[in-house]
Amino acid sequence: MSPNPENIFTGKAKSPHKPMPAHALTSKLARPLRKLHLTLVASFLASALHAQDAVKAPAEPTFPATEPQAPTSFSDSATVAQFFFGKDNLPDTFYDEVQAWKEQYHIPISIGADHWFHIDRDEHIYGDGYGVPGESGTYYYYIDFDPSLQLESDFASEAGAHVQFRFRDSGDKLRAFYSGEYWFYEAYGYLKTNIGTFKAGQIVTQFGVAWDGTWWEGVPYFDGYKFDPDYGVGWDNEWKFSDHFLLDSVAQFFFASDGVNGSIPGADAESGSGLSEENTGVIRLVPTWKFDQDQSLAWGVSGLYGGIKGASVDPGVDSRRGVWGTDLTYTWKNFSVFGEYIDAYGATNPVRYVSGGPSDHVNSARIGVSYKYGPATFHINYSHGWDHQPRGQQYVFDPGVNFQMAKNIVLYLEYVKWDVTNRYGVTSKFDDGFESIIVWNL
C-alpha cells in the first residue's frame, strides 16, 4: 500500500507546512467571511438557548393564528430545532421572515456556504482540519441572483435568469485546473412555456442521476459527469400522461466547456492541460410509474456524444467521446434505493488519475440506499469504477447521516473510504476519514 503523493483535488504536492499565498481578492474577504461563519453558528446556538422567549408577531402575520405545538416525537419533526423548541422556534421563524421580506421587496438574492471539516481515520493522509492541505478553508461561498418576470401569454408564463457566483477564502483553488479562486457556476436565461423550459448560457449538464444524496458524492462525480456546467442551450419538460405515469425529458447542446467541473485532475478532457470539451449533445429520458401515494419507480436513460478540442496535438487522446447510462430509483414512503451504470468510450485524458494512462474505455456503477426519519436521513452509498486499456480501478464507500438542523441549515456526517489502484497494481488511499459539513443558505 503506497501513499498518495499528491492532493487528489488540486494535483499539487500535499504540504501542510507550506500553504499557498492567498489571492488578493479572497485574502481581503477571508477575515469577514470567517466572522460571518462564526456569527451564523453563534446565532443558531443562541437561538436554541433562548427559543423559549416570545417572538414579536409582525403586523400582518403569515402563520396560522392557533398556537403552534411542539412535535410529539423526533419522527414528526421537520427540523432538529423544531423537535427541541417547537414549530415557533427562532431559527426556522427567522428564515421564514427573511424569505417573506425578500419576496415582499422583490430581492432575488440568496447567499450560502459549505464548511468542511476532515479527520483522518487511523493513519495520516491529509491531517485533521478545516478542509485538507491544498484545499483548505471554506469549501466555497456562493451568491445566487434569480430575477424573474411573470408573462401574460398563452405560450409563455415566465422569463428570468439564474446566476450563481462562487468563491473561496483560503488562497487554494477548488481544483487545480480552475482559473482562480472565484468562478461562475451557473449563468443562464430561461423561458417557461407550455411545452417546457428553454435555457441558454452556462447551464449544468443533466446526465444520469443528478445527486446521490451525499455531500461527498461518488465515482461518476469525480469522473466529471455530475455538477458539470458548460456553455450551451437546453430544454426540459415533464409530461404528465396520467396520475400514475410521468415522463421527464431533457435535451441539451454545449458549444464549449467552461473549465468548471467536480472532476479531479486527470479525470477527463476538461481537467486536462490544453484540452477541453466542445459540441456535445446530451439527452435524458426518465419515465416514472407512481403505483400509489407511497410508491414510485423511475427508470432513467442518458446519452452523451461530443468532441474534444486539442486532441490533435496529443496522440493519446481521441477526438470524440460517447457515453451512455441507465439508472433505476425505487421509493417507498421514507425509504429509497437507486442504482446507476455508466459506460464511456474514447480516451479523454492522456494520464487518467486511475490507470495512469490514456484509458479509452471507462465504466462505473453505483448504488445508494437511504431512509428518512424525521429531520435525519441515513444513507449507505457505494460506487466502483473500471478503466480499460490501460487498466485500473477505484471504489468509494460512503455511509453517513445528515440532519436538517433548521430550514436552511444541514449538517452532514460521513465516513469516506476511497481507494484507487493503477495499471501496475499499486493502490493509493485517496481518502480514509470522517467528514463533517455544515451547509447553510439565506
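In this text, all values refer to a predicted model and were calculated from it rather than measured experimentally.

A.B. asks: When you look at the pattern of salt bridges in this model, what are you seeing that I'm missing?
C.D. replies: Counted by the stated rule, this structure contains 18 salt bridges. The partner of Glu135 in a salt bridge is Arg175, and the shortest N-O contact between them spans 3.0 Å. One end of the pair, Glu135, is in strand 3 (residues 135-136); the other, Arg175, is in the loop between strand 6 (156-167) and strand 7 (182-193), and 40 residues separate them in sequence. Residues Glu135 and Arg175 agree in their burial class; the two are buried.

A.B. asks: Sorry, what's going on with empty space enclosed by the protein here?
C.D. replies: Over the atoms, a rolling probe the size of a water molecule traces out where space has been left empty. The final tally for this structure, using the stated rule, is three cavities of 30 Å³ or more. The volume enclosed by the largest cavity comes to roughly 150 Å³. Along its surface, the largest cavity is lined by 14 residues, and Tyr225, Ala267, Ala344, Thr348 and Val362 are the ones closest to its centre. The set of elements that each furnish at least two residues to the lining of the largest cavity consists of strand 13 (320-332) and strand 14 (335-345). The greatest single-element share of the lining of the largest cavity, amounting to three residues, is contributed by strand 13. Approximately 120 Å³ is the volume found for the second largest cavity. Of all the secondary structure elements, the ones that give two or more residues to the lining of the second largest cavity are strand 10 (245-257) and strand 11 (276-290). Broken down by element, the residue count for the lining of the second largest cavity peaks at five residues, all from strand 11. For the lining of the second largest cavity, the class distribution of residues is six nonpolar, five polar and five charged.

A.B. asks: How should I be thinking about the confidence of the model for the protein in this particular structure?
C.D. replies: Reading fine detail from the predicted coordinates is not recommended where pLDDT is low. Per-residue pLDDT for the protein averages 88, and the proportion of residues at 70 or more is 84%. In the predicted structure, residues 1-6 sits below a pLDDT of 50 and forms 16 contacts with residues beyond four places in sequence or in another chain. A low-confidence stretch, residues 12-67 (pLDDT under 50), is modelled with 54 contacts involving residues beyond four sequence positions or located in other chains.

A.B. asks: Just to check I follow, could you spell out the nonpolar core for this structure?
C.D. replies: By size, the foremost hydrophobic cluster in this structure holds 32 residues, and its most contacted members are Trp215, Trp216, Tyr353 and Trp418. The element best represented in this core is strand 18 (residues 409-421), accounting for five residues.

A.B. asks: For this particular structure, what's the right way to read a nonpolar patch on the surface?
C.D. replies: A cluster of nonpolar residues, Trp289, Phe291, Trp299, Val301 and Leu328, forms a patch on the protein surface that exposes about 470 Å² of accessible area. Along the polypeptide, Trp299 turns up in strand 12 (residues 295-309). Given the relative accessible area of 41%, Trp299 is considered partly exposed.

A.B. asks: It is not clear to me how the side chain of Asn408 should be interpreted in this structure. Could you clarify?
C.D. replies: Tracing the sequence through the fold places Asn408 in the loop between strand 17 (392-406) and strand 18. When its relative accessible area of 9% is taken as the criterion, Asn408 is described as buried. In this structure the side chain of Asn408 is engaged in a polar contact, spanning 2.8 Å, whose partner is the backbone oxygen of Asn441. Those residues in contact with Asn408 that lie beyond four places of it in its chain are Tyr95, Val439, Trp440, Asn441 and Leu442.

A.B. asks: Before we go on, may I ask you to explain the layout of surface pockets in this structure?
C.D. replies: When its volume is computed, the largest pocket comes out at roughly 880 Å³. The wall of the largest pocket is formed by 43 residues, among which Asp114, Tyr140, Arg166, Trp211 and Phe227 lie closest to the centre. Within the residue set of the lining of the largest pocket, elements represented by two or more residues are strand 1 (109-120), strand 4 (140-145), strand 7, helix 4 (219-222), strand 17, strand 18 and strand 19 (427-441). Here the lining of the largest pocket is composed, by residue class, of 26 nonpolar, ten polar and seven charged.

Each value, and the rule that gives it
Residues numbered from 1 in each chain as written. Predicted model: local features only at pLDDT ≥ 70, side-chain atom pairs only at ≥ 80, totals over all residues. Heavy atoms only, no water. Salt bridge = Lys/Arg side-chain N within 4 Å of Asp/Glu carboxyl O. Helix = DSSP H or I, 4+ residues; strand = E, 2+ residues; numbered from the N terminus. Buried < 20%, exposed > 50% of the residue type's maximum accessible area, 1.4 Å probe, protein only. 1 Å grid on protein atoms, 1.4 Å probe; cavity = no way out; pocket = protein on both sides within 12 Å on 5 of 7 lines; lining within 4 Å. Points joined across faces, edges and corners; volume = space filled by probe spheres on them. Nonpolar A, V, L, I, M, F, W, Y, C, P; charged D, E, K, R; others polar. pLDDT = per-residue confidence, 0-100. Contact = heavy atoms within 4.5 Å. Core = buried A, V, L, I, M, F, W, Y, C linked by side-chain atoms within 4.5 Å. Patch = residues over 30% accessible without salt bridge, like charges linked within 9 Å, V, L, I, M, F, W, Y side chains within 5 Å. Areas by Shrake-Rupley, 256 points an atom, 1.4 Å probe, with all protein chains shown as cover. Polar contact = N/O pair within 3.5 Å; in protein donor to acceptor, adjacent residues only side chain to side chain.

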